[in-house]
Amino acid sequence: YDLANIFAMKGEKQKALETSQTALEIREHRLPFEHPDLLKSYTQMARRCEAIQDYRRAEEYFQKASQMQEKYFPKNDHERAKTAQNLKRLRLVK
């Protein structure tokens, strides 16, 4: 587990979000655009935002993940389906 996951398991949602945000910023700075690790970070950030009920930001991060998945994964990919389902669920909550 990474540090953000440990914070999340302990119920420290804000610390988990902050740690995930820092990790994403580092990855965005160090990795090439659309690197697979960024996809993981976008998905993790979406989940962290959703956990603190920041549904607008969660939708933004799921949308970024979805755009990368559309480009690199086949239409019937399981992860693409999960991201699409998460986006639909968020739109119902908002």
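Going by the structure above, here's the rest.
Residues numbered from 1 in each chain as written. Predicted model: local features only at pLDDT ≥ 70, side-chain atom pairs only at ≥ 80, totals over all residues. Heavy atoms only, no water.

## Things to note about the overall build of the protein chain
For the protein chain, the count of helices and strands is 5 helices and 0 strands. Taken over C-alpha atoms, the radius of gyration comes to 13 Å for the protein chain, in line with the 12 Å a tight globule of 94 residues would show. Across its three principal directions, the C-alpha atoms of the protein chain cover 35 × 35 × 20 Å. Within the span of the protein chain, comprising 94 residues, buried residues form 34% of the whole. Once local pairs closer than 6 in sequence are excluded, the contacts in the protein chain between residues at least 24 apart make up 52%. Counting every atom, the protein chain has about 6,300 Å² of accessible surface; 52% of that belongs to carbon and sulfur. For the protein chain, the centre of its 19 positive side-chain charges and the centre of its 14 negative side-chain charges are spaced 3 Å apart. (Helix = DSSP H or I, 4+ residues; strand = E, 2+ residues; numbered from the N terminus. Rg over C-alpha atoms; globule rule 2.2 N^0.38 Å. Buried < 20%, exposed > 50% of the residue type's maximum accessible area, 1.4 Å probe, protein only. Contact = heavy atoms within 4.5 Å. Areas by Shrake-Rupley, 256 points an atom, 1.4 Å probe, with all protein chains shown as cover. Lys, Arg positive; Asp, Glu negative; His and termini not counted. Charge placed at Lys NZ, Arg CZ, Asp CG, Glu CD.)

## Some points on unusual backbone geometry
If you check the backbone angles, Glu-34 has positive phi at about 65 degrees while not being a glycine. Tracing the backbone through its elements, the reader meets Glu-34 in the loop between α2 (13–30) and α3 (36–51). Here the phi dihedral of Gln-53 falls at roughly 65 degrees; this positive angle occurs in a residue that is not glycine. Here Gln-53 shows up in the loop between α3 and α4 (55–72). The class of Gln-53 is exposed, set by a relative accessible area of 58%.

## Things to note about the nonpolar core
Where a protein is soluble and globular, its nonpolar side chains tend to be buried together. In terms of nonpolar packing, the biggest core is built from 15 residues, with Leu-24, Tyr-42, Met-45, Cys-49 and Tyr-61 touching the most fellow members. Of all the elements, α3 adds the most residues to this core, at 6 residues. Setting aside residues no more than four positions away along its own chain, Leu-24 makes contact with Leu-38, Ser-41, Tyr-42, Met-45 and Tyr-61. (Core = buried A, V, L, I, M, F, W, Y, C linked by side-chain atoms within 4.5 Å.)

## Looking at the pattern of salt bridges
Oppositely charged side chains are able to pair whenever their charged atoms sit close together. The full count for this structure, using the stated rule, is 8 salt bridges. The salt bridge partner of Glu-12 is Lys-10, with a shortest N-O separation of 3.4 Å. For Glu-50, the salt bridge identified is with Arg-89, shortest N-O distance 2.0 Å. Pair noted here: Glu-50 is in helix α3 and Arg-89 is in helix α5 (residues 78–93), with a separation of 39 residues, a long-range link. Salt bridges here are not isolated pairs; linked through shared partners, they connect Lys-10, Glu-12 and Lys-15. (Salt bridge = Lys/Arg side-chain N within 4 Å of Asp/Glu carboxyl O.)

## A closer look at a nonpolar patch on the surface
A grouping of Leu-3, Ile-6 and Met-9 is seen on the molecular surface, where their side chains present a nonpolar patch of about 290 Å² in accessible area. Checked against the element boundaries, Leu-3 lands in helix α1 (residues 3–9). (Patch = residues over 30% accessible without salt bridge, like charges linked within 9 Å, V, L, I, M, F, W, Y side chains within 5 Å.)

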